[in-house]
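Residue strings, one per chain:
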Amino acid sequence: AAQILHPPFYHASNLKPRSVLNTATESVAYYASTFCSKSSHNELESAAADGYETVTFKFSHDSVEECISEVQGGCNQYGPTSPFDVLSALFWVAILKVKRKSNSEEAKLSLALDSRKLQIPPLPHGYVGNAQIFTGVSSSVKDVTSKDLSYASRLVNEAVKLIDTAEINSVVDWLQEQETEGGGLCSKPGLFYGRELTSCAFDNFFCYQVAFDSGKPAHVSYYLQPSEGEGLVVVLPSPDGNSSRNVMVTLPREQIRQLCEDSTLLKHSCHIKISPDMLQYGSA
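Residues numbered from 1 in each chain as written. Predicted model: local features only at pLDDT ≥ 70, side-chain atom pairs only at ≥ 80, totals over all residues. Heavy atoms only, no water.

I would appreciate a short explanation of the overall build of the protein chain in the present structure.
Along its length, the protein chain carries 9 helices and 7 strands. Burial analysis of the protein chain (284 residues in total) assigns 49% to the buried set. Of the contacts formed within the protein chain by residues at least 6 apart in sequence, a portion of 75% connects residues at least 24 apart. For the protein chain, the computed accessible surface area is about 14,000 Å², with 51% contributed by carbon and sulfur atoms. (Helix = DSSP H or I, 4+ residues; strand = E, 2+ residues; numbered from the N terminus. Buried < 20%, exposed > 50% of the residue type's maximum accessible area, 1.4 Å probe, protein only. Contact = heavy atoms within 4.5 Å. Areas by Shrake-Rupley, 256 points an atom, 1.4 Å probe, with all protein chains shown as cover.)

Pasting the structure below:
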């Protein structure tokens, strides 16, 4: 008989508002400056005349492990490099190049993380509710694009590892405060996914453990709407398991075409899956 591996769980006591709020954290400062500023509503990158396009890059286990080995020389004081760290960094660098920003500009990358296992005690995988937590990294365009990949990977690694229970609880407190006051984020929500270039850590999803009568899925895609702003990088599991990953990227169409010609991405990705109306690229 079919079994539910991760039964629904609805009551997360550690995500409930607290009687004594603590909003003096880096996470709250990030939310307030990123999602509540006037620029979050008025300065989104305009879509290209031909709109946005999504492409899927497929990375084998060996390719991801090769990327990780390339950045191991960088100093990650908060722990080993994960596939999400290195793939986020890889696409951050490549996308900055196709956007042709000047070296003096600030390079920002927003990170969307699943907080279920970042909390103490951790939430079960079956928790039904909003468990996303956002953080971000920034540097100069020159540093991100001219230094080796270990630099960008280290920035992502440190930002992810600094998210803990205190930071998550502070965001819950702040959201409750916003709702109580009836202003800010709750009165006019900003664009969370894609206002800044955003990399989403969805690679812990169990989408390939689903068993249908005909077998397990051959490919799973996730789409986040609307398509606006700087773009999206969604890191997903692969049916091949281990360190293999699928990465879906959404950008203005012309930028997608240029991204598919990036030599570094073509070196590491097994092949690229694009919608039928676009040219097919591949390295394997």
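Would you mind showing me how to read helix 1 (residues 26-35) here?
Owing to its 3.6 residues per turn, the α-helix aligns residues three or four sequence positions apart on the same side. Buried residues of helix 1: Ser27, Val28, Tyr30, Tyr31, Thr34 and Phe35, and no others. Each buried residue of helix 1 lies within a common arc of 160° when the element is viewed along its axis, so the set occupies one face. (Arc of directions from axis to C-beta.)

What's the story with the environment of aspartate 143 in this structure? I'm lost.
Assignment of secondary structure puts aspartate 143 in helix 5 (residues 141-146). Residue aspartate 143 is classed as partly exposed on the basis of its relative accessible area, which comes to 24%. For the pair aspartate 143 and alanine 107, spaced 36 residues apart in sequence, the C-alpha to C-alpha distance is 9.0 Å.

Explain the side chain of serine 88 here, please?
Summarising the element assignment, serine 88 is placed in helix 4 (residues 83-99). A distance of 2.8 Å separates a polar side-chain atom of serine 88 from the backbone oxygen of phenylalanine 84. With residues up to four places along the chain from it excluded, the contact list for serine 88 reads Leu109, Val156, Ser199 and Val235. (Polar contact = N/O pair within 3.5 Å; in protein donor to acceptor, adjacent residues only side chain to side chain.)

What is the right way to look at unusual backbone geometry in this model?
Backbone geometry follows two general trends: most residues other than glycine have a negative phi, and most peptide bonds adopt the trans configuration. With an omega of -5°, the peptide bond running from isoleucine 120 to proline 121 counts as cis. The topology assignment puts proline 121 in the loop between strand 2 (106-114) and strand 3 (132-140). Even without a glycine there, the phi angle at arginine 100 is positive, about 55°. Here arginine 100 is to be found in the loop between helix 4 and strand 2. Taking the relative accessible area as the measure of exposure, arginine 100 reaches 67% and is therefore exposed. A positive phi angle, near 55°, is found at asparagine 242, a position not held by glycine. Relative to the helices and strands, asparagine 242 is located in the loop between strand 5 (232-237) and strand 6 (245-252).

Keep in mind that these numbers describe shape and distance, not what the molecule does.
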